[in-house]
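Each chain is listed here by its residues.
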Amino acid sequence: MRGNVKAAVEAALFVATRPLTLEELARGLRFPEDEVYAALEGIAAELEAGGKPYRLVRKGGGYILELREEYADLVRPFAPGGDIPEPVLRTLALIAYRGPIKQAEVVRIRGQRAYAHVKDLVKRGFVRARKEGATKILEVTEEFLEYFGLESPKDFRAPRD
Amino acid sequence: MRGNVKAAVEAALFVATRPLTLEELARGLRFPEDEVYAALEGIAAELEAGGKPYRLVRKGGGYILELREEYADLVRPFAPGGDIPEPVLRTLALIAYRGPIKQAEVVRIRGQRAYAHVKDLVKRGFVRARKEGATKILEVTEEFLEYFGLESPKDFRAPRD
Amino acid sequence: MRVDISPERLARADWETVLRALTADMDPWDIDLVELVRRFRAYLAGLRALELEVPGRMVLVGSVLLRLKSEVLREMNGHHRDGNGDVDGDVEGALGAAAEEADYLPEEGVYIAPELRLPVVRRPRRKVTLAELEEALRAALAQEKRKRKPRRRPRDGGVPLPKGEPFSARARRLFRKLLSLVNGKRDIPFEKLLSRRDPAEVVARFMELLHLDAEGKVVLTQRDFLGELIVRVPDHARKCKGRR
């Protein structure tokens, strides 16, 4: 049944954190590829017509639901990591750009509060700390990059306005 | 404008990974609470009417978009990790199966990290801990039962192979 | 910029005023103790007469600050855990509050890194299914089973000691043997005390010698590293021949 395919495809897109290929969807949901494709078309059109703040986009050979650009700044505080306080974000930026970096160096630059920031960032899984003698070496994790769909820390430089 | 509020609220729900309260949405999006509430009602009705595989639910005092129960198994291949990390899930399973159980016993079986798991599970509302002398007695809550669609903890305690 | 107090006034000031003056430009959450000490020494050097009460209290305040700081650093490095392996909630709360408060302090406009902007992404998390909960249970129970398997106790690697005779009796017997061997000589090589020379005997004799050494009945020396152990029975010990 048509309705069935569409709901199934939309359910898969709803939970996926990366683009899903046509083949993957067909195999995982057990529907013929052409039906899945028709469902994708239907979903895209519906989101467009409904004035939804998200849409279906093609990315890296797959399909993914994505927030429309114009809502990004508005909803940033609700997005993952959006609750990271600005000072903690600065400490993260330092670790991202200068890492691997000694904790002592981060503290020297950011002050004593950086200890709490590092703790928070390690807890979030964004920063990894490894002991090296008496000090700790800090760097961002792959999880952090993957989480935000980044290839390298360079990718999240804020656009200069 | 009405449409504006609804799209903004839906955008926030789309990116959020935890329930958002009415107050939080109103403050973050800078719309009056009653307008945000009306938008939430509109979104819920629309998802319902459109036969979408996800819906708006109220949870822990907030609102979150959630996949409908009946699609959970279907989409597992597309979202390998559920919202409870595997090690925490094992500790939860043990408490559900053996509860009420002493925290010390859980730690004996699951190791020291179980302390952090229990803390997490209590925070999620899945486990209740009551002091009994020097130790804590752990058991699952009604919220846990509701999450997994169980009537009673006994439903999970059928003999295993 | 330090608070400007004339040297005369500072000399007459009480220790709290001195401390306030010396730390006026410091972050109260992050007092630089090294700098404070340097300033205080400069202050002392500027004093004509040494008021002992002032440095005494300063040392107290300095040590309290140092203690506070070291405790905070210790906590932040994850030490001081309670028996449960959890960081003491109160301490963590206090630290969190302190850090939060520190976050409201104005930041210096120093360039550290490009501004960081996290992209707005969606990280949907689906619910865990009952099947997954059951799989998790199976894994947890399997883990328990592994833990329950009795671990093979390591073979008793303790010192093999001859059974039957109490240690003190053996030590006394060894001492009598030593006295019989002394016979004019002062030094007796350890190997003379051995008959079988197997490890069990070596360890047993050595333990007995250590006991006698502790009682002051023998003196043990070893001239070369890993060389022969030399046993000497001091004169005063020879006299206790007949005694127990």
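Below is a summary of the structure that appears in this document. Counting restarts for each chain, with residues numbered from 1 along the sequence as it is written. Each chain is given a letter, starting from A, and each ligand a number, starting from 1, according to the order in which they appear as written. Side-chain atom pairs in this predicted model are given and counted only at pLDDT of 80 or more, local residue features only at pLDDT of at least 70, and totals for whole chains, interfaces and linings cover all residues. Side-chain calculation: all heavy atoms of the structure are included, whereas hydrogens and water are not.

Glancing now at the overall build of chain C. Secondary structure elements are taken from DSSP: a helix is a run of H or I of four residues or more, a strand is a run of E of two residues or more, and numbering for both begins at the N terminus. Within chain C one finds nine helices and three strands. Looking at chain C as a whole, 34% of its 244 residues qualify as buried. Across chain C, the fraction of contacts at a sequence separation of at least 24, relative to all contacts at a separation of at least 6, is 46%. Taken as a whole, chain C presents about 16,800 Å² of accessible surface, with 54% of it coming from carbon and sulfur. Accessible area is worked out with a 1.4 Å probe on protein chains only. A residue is then buried under 20% of its type maximum, exposed over 50%, and partly exposed in between. Residue contacts are counted whenever heavy atoms from the two residues lie within 4.5 Å of one another. The method behind every accessible area is Shrake-Rupley, applied with a 1.4 Å probe, and residues are considered shielded solely by the protein chains displayed.

Moving on to unusual backbone geometry. Cis peptide bonds are those with omega within 30 degrees of zero, and the linkage from G99(B) to P100(B) qualifies with -5°. Structurally, P100(B) is set in the loop between α4 (86–98) and β3 (101–102). Unlike most non-glycine residues, R30(A) shows phi in positive territory, near 60°. Among the secondary structure elements, R30(A) is positioned in the loop between α2 (22–29) and α3 (33–49).

Next up on the list: the interface of chain C and chain B. Opposite the 29 residues of chain C that make contact, chain B presents 39 residues. Reported buried area values correspond to the accessible surface (1.4 Å probe) lost by two parts on association, with both partners' losses combined. Across the interface of chain C and chain B, roughly 3,100 Å² is buried in total on both sides, 60% from carbon and sulfur atoms. When the area that chain C buries against chain B is broken down by residue, the three leading residues are R126(C), K127(C) and L133(C), summing to 24%. By convention in these notes, a salt bridge is any Lys or Arg side-chain nitrogen within 4 Å of a carboxyl oxygen on Asp or Glu. Taken together, the connections running from chain C to chain B amount to two salt bridges. N or O atoms within 3.5 Å of each other form a polar contact, as long as, within protein, one can give a hydrogen and the other can take it, and as long as residues adjacent in sequence are counted only when both atoms are side-chain atoms. Across the chain C-chain B interface, the total number found is two residue pairs in polar contact (both at pLDDT 80 or more).

Attention now goes to a positive patch on the surface. There is a patch of like positive charges on the surface, built from K123(A), K119(B), K123(B), K131(B) and K136(B). Tracing the backbone shows K119(B) in helix α6 (residues 114–124). Patch definition: residues above 30% relative accessible area lacking any salt bridge, with like charges linked at up to 9 Å and the nonpolar side chains Val, Leu, Ile, Met, Phe, Trp and Tyr linked at up to 5 Å. His is not counted here, nor are the chain ends, while Lys and Arg score as positive and Asp and Glu score as negative. Where a charge lies is defined by one atom per residue type: Lys uses NZ, Arg uses CZ, Asp uses CG and Glu uses CD.

All names here are of chain B. If DSSP finds at least two bridges between two strands, the strands pair. Note that β3 and strand β5 (residues 135–140) share two bridges and pair antiparallel. By the bridge assignment, I101 is partnered in β5 with L138. Direction of pairing for strand β4 (residues 127–132) relative to β5: antiparallel, over a ladder of six bridges. Bridge pairing links K131 to K136 in β5. Linking β4 to β5, which pair antiparallel, is a turn of two residues; within it G133 sits at a positive phi near 70°.

With that settled, consider the sheet that holds strand β3 (residues 229–232) of chain C. For sheets, the rule is that strands pair by backbone hydrogen bonds, running either parallel or antiparallel. Residue and element names in this part refer to chain C. In spatial order, the strands read β1-β3-β2; together these three strands make up an open sheet with antiparallel pairing. Each edge of the open sheet carries a strand with a single partner, namely β1 (187–189) and β2 (219–222). Ignoring strand direction, the axes of neighbouring strands in this sheet form an average angle of 30°. Looking at chain direction, β1 and β3 are connected through three bridges and run antiparallel. Its bridge partner being in β3, P189 is matched across the sheet by I230. Where helix α8 (residues 199–214) meets the sheet, it contacts β2 and β3, and its direction lies at approximately 120° from that of β2. Axes here mean lines fitted to C-alpha atoms, for a helix over just the part in contact, with angles spanning 0 to 180 degrees between N-to-C directions.

Next up on the list: the packing of α4(B) against α6(B). All names here are of chain B. Contact geometry for α4 and α6: axes closest at 9 Å, N-to-C directions at 80°. Relative to α6, the element α4 lies roughly perpendicular. Residue-level contacts link P87, V88, T91, L92 and I95 of α4 to A114, H117, V118, D120 and L121 of α6. Residues that form the contact of α4 with α6 fall into these classes: seven nonpolar, two polar and one charged. In what follows, roughly perpendicular refers to angles from 65 to 115 degrees, roughly parallel to angles under 35, roughly antiparallel to angles over 145, and oblique to any angle outside these ranges. Note that Gly is not counted as nonpolar here; it falls among the polar residues with everything else outside the nonpolar set of Ala, Val, Leu, Ile, Met, Phe, Trp, Tyr, Cys and Pro and the charged set of Asp, Glu, Lys and Arg.

Moving on, we get to the pairing of β3(C). As defined by bridge partners, β2(C) adjoins β3(C) across four bridges and the pair is classed as antiparallel. Bridging across to β3(C), Q222(C) finds its partner in L229(C).

On to the interface of chain B and chain A, then. In this assembly, 28 residues from chain B lie in contact with 28 residues from chain A. Regarding the contact of chain B and chain A, the summed buried area is about 2,500 Å², with carbon and sulfur atoms giving 72% of it. Considering only the side of chain B, the residues that lose the most area to chain A are F14(B), Y54(B) and F78(B), jointly responsible for 28% of the buried surface there. Linking chain B with chain A are four salt bridges. Among the ionic pairs, E46(B) bridges to K52(A), the shortest N-O distance being 2.7 Å. Counting the contacts that link chain B with chain A gives five residue pairs in polar contact (both at pLDDT 80 or more). Every element with two or more residues in the side of chain B that touches chain A is listed here: α1 (2–15), α2 (22–29), α3 (33–49) and β2 (62–67) of chain B. Examining the composition of the side of chain B that touches chain A, we find that seven residues originate from one element, α1(B), more than from any other. Residues that form the side of chain B that touches chain A fall into these classes: 20 nonpolar, three polar and five charged.

Turning our attention to helix α7 (residues 114–123) of chain A. Residue and element names in this part refer to chain A. Residues of α7 that are buried include every one of A114, Y115, H117, V118 and L121, and no others. Seen end-on, α7 carries its buried residues on one side only, within an arc spanning 160°. Of the residues trailing α7, G125 is marked for its positive phi of about 80°. Along the arc lie the directions from the helix axis toward the C-beta atoms.

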